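For reference, the chains in residue letters:
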Amino acid sequence: MKTIDEFLIELYDRDVKFWIETKEDNEVKLRFNAPEEVLTPELITQLKERKPEIIEFLEQASAVKSHKSTIKPVSRSESLPLSFAQQRLWFMEQLQPDSAAYNIPTGVKLSGDLDLDLFAKSLNEIVRRHEVLRTNFETESGQPQQVIHSDIKLDLTVRDLQPLDAEAQEAEAAELFRQETAKAFDLKQDLLLRV
C-alpha cells in the first residue's frame, strides 16, 4: 500500500485537488475536486478508506504553513553579511581577480523605434527597486560586507551602427557583445549590471 504522501502526489498528478472545511461544531469535512474520468469507483473507495489519513495530512500541512515565521526586513543601518551566493562570488573574485567567469551575459534584439530616454528610465527603475543591483562588497575586519547604495544611476552605453550595412551591423554587434561579456565587474565599486 502506498504511503499517504505517494498517494496524494499521484492524485495531484491526476489533477485531484483536496481541502478541508471545519464546520461550526468543529466537525472536519474532506472536500475534493477531480476530473470526471479520474473519479473511478475504485478511487472513490480508496478515498473513503484513507479519509482520516488525508485529513490528518492536510491538517499537519496547514499547521506547518501557519507556523512559518514571516521574513522581517533587516536594518540597513548596520553591517550586513553577504548571502551565500554573494560569498561565493566574492570568494571567486579573491581567487581570480578581473575574471568574467561569473558574468551572466544576455543579448536582446529589439525591433522598431526605441525611446532611449524611456528605456533608460525603465532600467533605472529596475535598479531602484532591486537593491541587489545597487550592492557592492567591502571588507571590514577581514569579513566581506554588503554596501547597499540608496541612489545609483545606470548609464546606458549606446553605439550607433546605422551607418553600417546589415551584415556589418550584425558582426559589429556580435563583437561588441563579446567584448562586453569579457569585462569583469569590480565588486567593490561597479554597478552589477551593464546595458
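Anyway, here's the lowdown on the structure attached to this text.

So, how was this worked out
Residues numbered from 1 in each chain as written. Predicted model: local features only at pLDDT ≥ 70, side-chain atom pairs only at ≥ 80, totals over all residues. Heavy atoms only, no water. Phe/Tyr/Trp six-rings, centres within 6.5 Å; stacked < 30°, edge-to-face > 60°. Helix = DSSP H or I, 4+ residues; strand = E, 2+ residues; numbered from the N terminus. Lys NZ or Arg CZ within 6 Å of the ring centre and 35° of its normal. Buried < 20%, exposed > 50% of the residue type's maximum accessible area, 1.4 Å probe, protein only. Lys, Arg positive; Asp, Glu negative; His and termini not counted. Salt bridge = Lys/Arg side-chain N within 4 Å of Asp/Glu carboxyl O. Contact = heavy atoms within 4.5 Å. Pairing = 2+ DSSP bridges.

1. Examining the packing of aromatic side chains
Within the structure shown, the criterion is met by one aromatic pair. With centroids separated by 6.2 Å and ring planes inclined at 45 degrees, the aromatic side chains of Phe18 and Phe32 adopt a geometry described as tilted. One end of the pair, Phe18, is in strand E1 (residues 17-22); the other, Phe32, is in strand E2 (residues 28-33), with 14 residues separating them in the sequence. Arg50 extends its terminal NZ or CZ atom over the ring of Phe7, reaching a point 4.9 Å from the ring centre. Residue placement shows Arg194 over the ring face of Phe185; its charged tip is 3.9 Å from the ring centre.

2. Let's talk about unusual backbone geometry
Of note, Asn26 is a non-glycine position whose phi angle comes to about 65 degrees, a positive value. Among the structural elements, Asn26 can be located in the loop between E1 and E2. With relative accessibility at 63%, the residue Asn26 sits in the exposed group. Even without a glycine there, the phi angle at Asp98 is positive, about 65 degrees. By the element assignment, Asp98 lies in the loop between helix H3 (84-95) and helix H4 (116-129).

3. Looking at the side chain of Arg134
Take Arg134: it is sitting in the loop between H4 and strand E4 (135-140). One buried charged residue, Arg134, remains without a salt bridge, the closest side chain of opposite sign being Glu131 at 4.5 Å. The residues contacting Arg134, other than those within four sequence positions of it, are Val127, Arg128, Val147, Ile148, His149, Ser150, Ile152 and Leu191.

4. Section: the pairing of E1
Of the strand pairs in this sheet, E1 and E2 are connected by six bridges, and their pairing is antiparallel. Each residue of the ladder has a partner; that of Glu21, found in E2, is Lys29.

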